[in-house]
Amino acid sequence: MEGIKLILLGPPGAGKGTIANMLRTERGTVALSTGDMLRDEVKNRTQSGRKAAEYMNAGKLVPDETVISILKNRIKEIPPNTGFVLDGFPRTTAQAEALEDIFRELGVSLDFVLNLEVPRDVVLQRLSGRRQCSGCGEIYHLKNMPSAREGICDKCGGALFQRDDDREDTVETRLAAYERQTAPLIEFYANRGILRAIKANVGPAETFNEVKKQTL
Ligand code: AMP
């Protein structure tokens, strides 16, 4: 799987971040999460961070130009022939088209787009109990994947936090944005022959096994 170039698709709570972190830990794949990048911009109170926060807190997608330019700068920094996984990008057809231009410019070709399939009730349960490490980005769940010590990351000892946009009122808006703006990408990539369906309604280890099988 070395050097493999992947996109993870799927609704919020499908497990994209968890699988991206597993690929990073176990395979050295560079994991790029536009959600994490935007949360950093917000934390550092940059100009784009301040603008993005309004959309993120409302559960809406941040405008394409902002996300595309942040992602483009990060992708350019990846050394040639190094594998990477995009988590949470693209999320609109305009972003997917911009990404094709970026890949063309950099001479990169995408191997697979993995669509993590999870039913809605599981998504809601996962989002309500999700916690993330403020230090290394590791993802936990209060019931399904608790840390050994409450509120503390097993990996780096950082403090765990609940994302503002995982609150119940925002989750509905995020799911609606997914259905309307992101789900059409399933067909976009199926048409390019690189889409693989992953049954992600199971634990992280089992989902990761499926990812390995599908990307051999
Ligand atoms: P995530 O961590 O991927 O769930 O992203 C959290 C939030 O960041 C989303 O609800 C959006 O507001 C914003 N965001 C992340 N990635 C994108 C993207 N590719 N396009 C637009 N907004 C994004």
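In what follows, the accompanying structure is described. Owing to the predicted nature of the structure, the values given are computational and were not obtained by experimental measurement.

Section: the site of the ligand
Surrounding the ligand, one finds 16 residues, the nearest of these being Thr-34, Lys-60, Gly-88, Gln-95 and Arg-163. At 3.0 Å from an oxygen atom of the ligand is found a side-chain nitrogen or oxygen belonging to Arg-39. Here a nitrogen atom of the ligand and a backbone polar atom of Val-62 are 3.0 Å apart. Burial of the ligand by the protein amounts to 96% of the accessible area it has alone, namely 480 Å².

Section: the sheet that holds strand β4 (residues 112-117)
If you trace the five strands from one edge of the open sheet to the other, you get β2-β3-β1-β4-β8, paired in parallel fashion. At either margin of the open sheet sits one strand with a lone partner, and together these are β2 (30-33) and β8 (195-199). Averaged over all pairs of adjacent strands, the angle between their axes in this sheet comes to 25°, without regard to strand direction. Here strand β1 (residues 5-9) runs beside strand β3 (residues 84-87); their pairing, made up of four bridges, is parallel. Residue pairing across strands places Leu-8 opposite Asp-87, the latter belonging to β3. Set on the sheet, helix α2 (residues 34-43) makes contact with β2 and β3; between it and β2 the angle comes to about 60°.

Reading the values: the criteria
Think of each chain on its own: its residues are numbered from 1, step by step along the sequence as written. In view of the model being predicted, local features appear only for residues whose pLDDT reaches at least 70, and side-chain atom pairs are presented and counted only at 80 or more, with totals across whole chains, interfaces and linings using the full set of residues. Hydrogens and waters are ignored; side-chain quantities use all the structure's heavy atoms. To be near a molecule or strand, a residue needs just one of its heavy atoms within 4 Å of it. Any N or O atom pair separated by 3.5 Å or less is treated as a polar contact, with the protein-specific requirement of one donor-capable and one acceptor-capable atom, and with residues adjacent in sequence counted only for side-chain atom pairs. Residue exposure ignores everything except the shown protein chains as possible cover, and the areas themselves are Shrake-Rupley values with a 1.4 Å probe. The pairing criterion is simple: DSSP has to find at least two bridges between the two strands. Numbering of helices and strands runs from the N terminus, with a helix taken as a DSSP run of H or I at least four residues long and a strand as a DSSP run of E at least two residues long. Note on definitions: angles span 0 to 180 degrees between N-to-C directions of axes, and those axes are lines fitted to C-alpha atoms, for helices only across the stretch in contact. Contact between two residues is taken to exist if any of their heavy atoms lie within 4.5 Å; hydrogens are not considered.

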